[in-house]
2 protein chains.
Amino acid sequence: MPKQAESGGHRAAPVHTDPAEVSLLTALSAVADPVRIQLIRELAGSAAWTRSCGSFDVPVGKAALSHHFTVLRGAGLVEQRDEGPRRVNRLRREEFDARFPGLLALVLGDVAVD
Amino acid sequence: MPKQAESGGHRAAPVHTDPAEVSLLTALSAVADPVRIQLIRELAGSAAWTRSCGSFDVPVGKAALSHHFTVLRGAGLVEQRDEGPRRVNRLRREEFDARFPGLLALVLGDVAVD
DNA sequence: CCGAGTGTTCGATGAACATCTTACAGTCTC
DNA sequence: GAGACTGTAAGATGTTCATCGAACACTCGG
């Protein structure tokens, strides 16, 4: 019997921050990092809830990656949910754009990061 | 005879960066700082070339202030010119906005910084 | 020419922060 | 239950960066 992967597991649920309560400095700092920009861009190119944390092509280890997702959650940029052993992600496009209009569009633009 | 304050003094001219050549990361990092945000906001509230570097109400010493202006110049956000003993500033609104649309508007918005 | 005012540079300090390694806690399959 | 896989937590390390104090350079007014 394949147990249905549900989000209410025993694991500690990820702590989310409402974009409406995020300060300008927190948002800008979260976005002013090359690894996080890459995460946001890859995430924007995939459907919601289809990418697990480990599925991103970034040049850092698991621990650092986990840290970056914590920062993104704290800035109201990413929502996470547990699906069995993995933690899948969603970019909070509308909500974040309502709070900081244009910022996400800027990060997702064609401009070279570095 | 009151010598006319001119910009071609003997002092080393400030090094400017064209906003068109600024990377996304440089722009975001420059703007992700509380002191620099305050400088930008005060500068936006004054006419061009009317504010000298020392005329800003920020809680840092001269040395740090000079550093922050160097960063702002490097990000293509501020243009400087020497007028006698002081160095006066101008916010490069149009140029910077052409390169990073919406970013300046976000920084100048009503949102609380911290 | 001296002194006050303005801003930069240098060296040092301290605080964040990004990163890694290791260890641990879940989940799933066999 | 054993083992593979995924992600988090804790501790250590190194770097970046904001800041300061002091010294220096330049401008202007007596």
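Note that this is a predicted model, so its numbers are computed, not measured. (Residues numbered from 1 in each chain as written. Chains lettered and ligands numbered in written order. Predicted model: local features only at pLDDT ≥ 70, side-chain atom pairs only at ≥ 80, totals over all residues. Heavy atoms only, no water.)

1. With respect to the protein's contact with DNA strand D
Which entries qualify depends on this criterion: To be near a molecule or strand, a residue needs just one of its heavy atoms within 4 Å of it. Counting of polar contacts relies on pairs of N or O atoms within 3.5 Å, with two restrictions inside protein: one atom must be capable of donating a hydrogen and the other of accepting it, and residues adjacent in sequence are counted only when both atoms are side-chain atoms. Counting from the N terminus, the helices are the DSSP runs of H or I reaching at least four residues and the strands are the DSSP runs of E reaching at least two. The residue classification treats Ala, Val, Leu, Ile, Met, Phe, Trp, Tyr, Cys and Pro as nonpolar and Asp, Glu, Lys and Arg as charged. All others, Gly included, are polar.
Near DNA strand D there are 22 residues, and of these Gly54(A), Ser66(A), Gly61(B), His67(B) and His68(B) occur at the shortest range. Among the atoms of DNA strand D close to the protein, meaning within 4 Å, 78% are from sugar or phosphate groups. Here Cys53(A) contributes a backbone N or O atom positioned 3.0 Å from a phosphate oxygen of DNA strand D. Within the side chain of Lys62(A), one N or O atom sits 2.9 Å away from a base nitrogen of DNA strand D. It is helix α3 (residues 62-74) of chain B that provides the largest number of residues to the surface near DNA strand D, a total of four residues. Counted by class, the surface near DNA strand D contains eight nonpolar, nine polar and five charged residues.

2. Focus: the packing of helix α2 (residues 34-44) of chain A against helix α1 (residues 24-31) of chain B
The description of two packed helices rests on the angle between their axes and on the distance between the axes. We apply this condition: To get an axis, a line is fitted to the C-alpha atoms, and for a helix only the part in contact is used. The angle between two axes follows their N-to-C directions and goes from 0 to 180 degrees. For classification purposes, an angle smaller than 35 degrees is called roughly parallel, one larger than 145 roughly antiparallel, one from 65 to 115 roughly perpendicular, and anything else oblique. Left-handed describes a crossing whose near helix is turned anticlockwise from the far helix through less than a right angle; right-handed describes the clockwise counterpart. It only takes one pair of heavy atoms within 4.5 Å for two residues to be counted as in contact.
Two elements in contact, α2(A) and α1(B), have axes separated by 11 Å at closest approach and are oriented at 115°. Classified by the angle their axes make, α2(A) and α1(B) are roughly perpendicular. Classified by chirality, the crossing of α1(B) by α2(A) is right-handed. Facing Pro34(A), Ile37(A) and Arg41(A) of α2(A), the residues of α1(B) in contact are Leu24(B), Leu25(B) and Leu28(B). Classifying every residue of the contact of α2(A) with α1(B) gives five nonpolar, no polar and one charged.

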